[in-house]
Amino acid sequence: MALRCGIVGLPNVGKSTLFNALSQAGAEAANYPFCTIEPNIGVVPVPDFRQTKLAEINGSEKTVPTSIEFVDIAGLVKGASKGEGLGNQFLSHIREVDAIVHVVRCFEDDNIVHIANTIDPARDIEIIETELLLKDMEAVEKRIDRATKSARGGDKKMLVEVAFYERLLAHINEGKPIRQLQVKAEEEVWLRSLFLLSGKPVLYAANVAEDDLPDGNEYVEQVRQIAATENAVVTVVSAELESQLVELDEEEQVLFMEELGLEEAGLSRLIHAAYRLLGLITFFTTDPKETRAWTIKSNTKAPQAAGEIHTDFERGFIRAETIKFDRFVEHGGESGARDAGVMRSEGKEYVVQDGDVILFRFNV
């Protein structure tokens, strides 16, 4: 499944610098607002040491990682919901992503202009959140008008729907993002049809100076406190450092990160955080020709996981022959795992686990 994350934030917080480092797509980054107008898109392979190990054991001719798509959305400003800074155009791009990566400036640098001239993560987050809420308010109000007209005929089902939209509007008017609202299963379809911006899960990327890695600073603590109130995720990154890392070869990157006390690059931390936020896991298929990683949602059953490979696999599913990654490595591959009795034959109700190595059996 394709995972799409939109990178948002105020101008000059390091969005495009981070995007360039993550995707190496060459998005323009400059020290003035709105250098990004059309969204830049970078498709990035998801780093996973397990895939490398599986390919090594099987002698696979090639590896095919799963990927994540980053969309660099132009800097938003106060008034974006009313079109300030071409805000309407920028906000529309957010509707198309699965999650929002909100880059928050948590560093001081007199050479990089902040649009408000001071560093204040709480204020910056509130500006962006307010613009998303105002745009959502506009969408919900329009839906209430349409639904109310349809309900005038006395359709009880439509009256229930109107009541739901009014509850959404009241929630927004309290300054709360829709992702904090509890909805019933039968209301989910109405909520999804609105494509509300504040309903997107959020990952805060606290952009710090290199010296503040890996744990951050007092500005990052402000971001963490805000994230804790809304079940969001925070990752500490240095966009400037990441831009330096991509210029190095793999061995040099490892040495550089060791000197800084970092176990993995910002890309890996960001992707792993996004996976946790969206409840995603990875399973693998492997043979001498190819080792491939596949992304699915947690709690996905085996036939649906097979369908990620090909719809025929799901339709004709018979069973999933499954080995845990650690067991696959321990026994030197599928043959050794089978001989050791740790290869399991699972049926249609099996819930795929992160790191499962699977051979699907199916009828064509």
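Structural notes, computed from the coordinates. Note that the structure is predicted; figures quoted are calculated from it, not measured. (Residues numbered from 1 in each chain as written. Predicted model: local features only at pLDDT ≥ 70, side-chain atom pairs only at ≥ 80, totals over all residues. Heavy atoms only, no water.)

1. Here we look at the side chain of Arg 105
Note the threshold: Numbering of helices and strands runs from the N terminus; a helix is a DSSP stretch of H or I covering at least four residues, while a strand is a stretch of E covering at least two. In the analysis that follows, any N or O atom pair within 3.5 Å is treated as a polar contact, provided that within protein one partner can donate a hydrogen and the other can accept it, and provided that, for residues neighboring in sequence, both atoms belong to side chains. Whether two residues are in contact is decided by their heavy atoms: any pair within 4.5 Å suffices.
Position of Arg 105 among the secondary structure elements: in strand 5 (residues 99–105). Here the side chain of Arg 105 touches Phe 107 through a polar contact of 3.1 Å, landing on its backbone oxygen. There is a polar contact of 3.2 Å between the side chain of Arg 105 and the backbone oxygen of Asp 109. Discounting residues that sit within four places of it in the chain, Arg 105 has contacts with Asn 12, Val 13, Ile 112, Val 113, His 114, Ile 119, Pro 121 and Asn 207.

2. Considering the pattern of salt bridges
For the record, the criterion: Definition used for salt bridges: Asp or Glu carboxyl oxygen within 4 Å of a side-chain nitrogen of Lys or Arg. Think of it in three bands: residues with accessible area under 20% of the maximum for their type are buried, residues over 50% are exposed, and the middle band is partly exposed, with areas taken using a 1.4 Å probe on protein chains only.
As enumerated under the stated definition, the model contains 25 salt bridges in all. One salt bridge in this structure joins Arg 4 and Glu 69, with 2.3 Å as the shortest N-O distance. Note that Arg 4 is positioned in strand 1 (residues 3–8) and Glu 69 in strand 4 (residues 67–72), a separation of 65 residues in sequence. Look at Glu 69 and you get partly exposed, because its relative accessible area is 22%. Arg 338 is the partner of Glu 334 in a salt bridge, and the nearest nitrogen-oxygen pair spans 2.8 Å. Of this pair, Glu 334 and Arg 338 both sit in helix 14 (residues 334–339), separated by four residues, roughly a single helical turn. Because the salt bridges share partners, they merge into one network encompassing Arg 319, Glu 321, Glu 334, Arg 338 and Arg 361.

3. A closer look at a negative patch on the surface
Inclusion rule: Each patch groups residues whose relative accessible area exceeds 30% and which form no salt bridge, using 9 Å between like charges and 5 Å between nonpolar side chains of Val, Leu, Ile, Met, Phe, Trp and Tyr. Each accessible area value is a Shrake-Rupley result obtained with a 1.4 Å probe; residue values ignore everything except the protein chains displayed when judging cover. For the charge count, each Lys or Arg is scored as positive and each Asp or Glu as negative, with His and the chain ends excluded. To locate a charge, the coordinates of NZ of Lys, CZ of Arg, CG of Asp or CD of Glu are taken.
Taken together, the side chains of Asp 249, Glu 250, Glu 251 and Glu 252 define an acidic patch exposed on the protein surface. Checked against the element boundaries, Glu 250 lands in helix 9 (residues 250–260). On the basis of relative accessibility, which here comes to 67%, the residue Glu 250 falls in the exposed class.

4. Brief notes about the packing of aromatic side chains
Let me state the cut-off plainly: Two rings from Phe, Tyr or Trp (for Trp, the six-membered ring) form a pair when their centres sit within 6.5 Å of each other. Planes less than 30 degrees apart are called stacked, planes more than 60 degrees apart edge-to-face, and all others tilted.
Tallying each qualifying case throughout the model produces seven aromatic pairs. Summarising the aromatic geometry, the rings of Phe 164 and Trp 190 are spaced 5.7 Å apart at their centres and angled 50 degrees between planes, so their arrangement reads as tilted. Pair noted here: Phe 164 is in helix 5 (residues 156–173) and Trp 190 is in helix 6 (residues 188–194), with a separation of 26 residues, a long-range link. Plain terms: the ring middles of Phe 283 and Phe 360 are 6.0 Å apart, the flat faces sit at 85 degrees to each other, and that makes the pair edge-to-face.

5. Re the nonpolar core
Filter applied, for reference: For this analysis, a nonpolar core means a set of buried residues of the types Ala, Val, Leu, Ile, Met, Phe, Trp, Tyr and Cys, connected via side-chain atoms within 4.5 Å.
Ile 68, Phe 70 and Tyr 204 are the most contacted members of the largest nonpolar core, which has 61 residues in total. The element contributing the most residues to this core is helix 10 (residues 266–278), with eight residues. Setting aside anything within four residues of it in sequence, one finds Ile 68 in contact with Leu 3, Cys 5, Gly 42, Val 43, Val 44, Val 46, Ile 271 and Ala 274. Counting 20 residues, the second largest nonpolar core, distinct from the first, contains Leu 133, Ala 139, Ile 144 and Ala 151.

6. Focus: the packing of helix 4 (residues 121–151) against helix 7 (residues 218–229)
Which entries qualify depends on this criterion: All axes are obtained by fitting lines to C-alpha atoms, using only the stretch in contact for helices, and the reported angles, taken between N-to-C directions, cover 0 to 180 degrees. Convention used here: angles under 35 degrees read as roughly parallel, angles over 145 as roughly antiparallel, angles from 65 to 115 as roughly perpendicular, and any remaining angle as oblique. When residues are sorted by character, Ala, Val, Leu, Ile, Met, Phe, Trp, Tyr, Cys and Pro go into the nonpolar class, Asp, Glu, Lys and Arg into the charged class, and all the rest, Gly among them, into the polar class.
Relative to each other, helix 4 and helix 7 sit at 40 degrees, their axes nearing to 9 Å. Judged by the inter-axis angle, helix 4 sits oblique to helix 7. Counted together, Pro 121, Ala 122 and Ile 125 of helix 4 and Tyr 219, Gln 222, Val 223 and Ile 226 of helix 7 form the full contact between these two elements. In terms of residue class, the contact of helix 4 with helix 7 is made up of six nonpolar, one polar and no charged.

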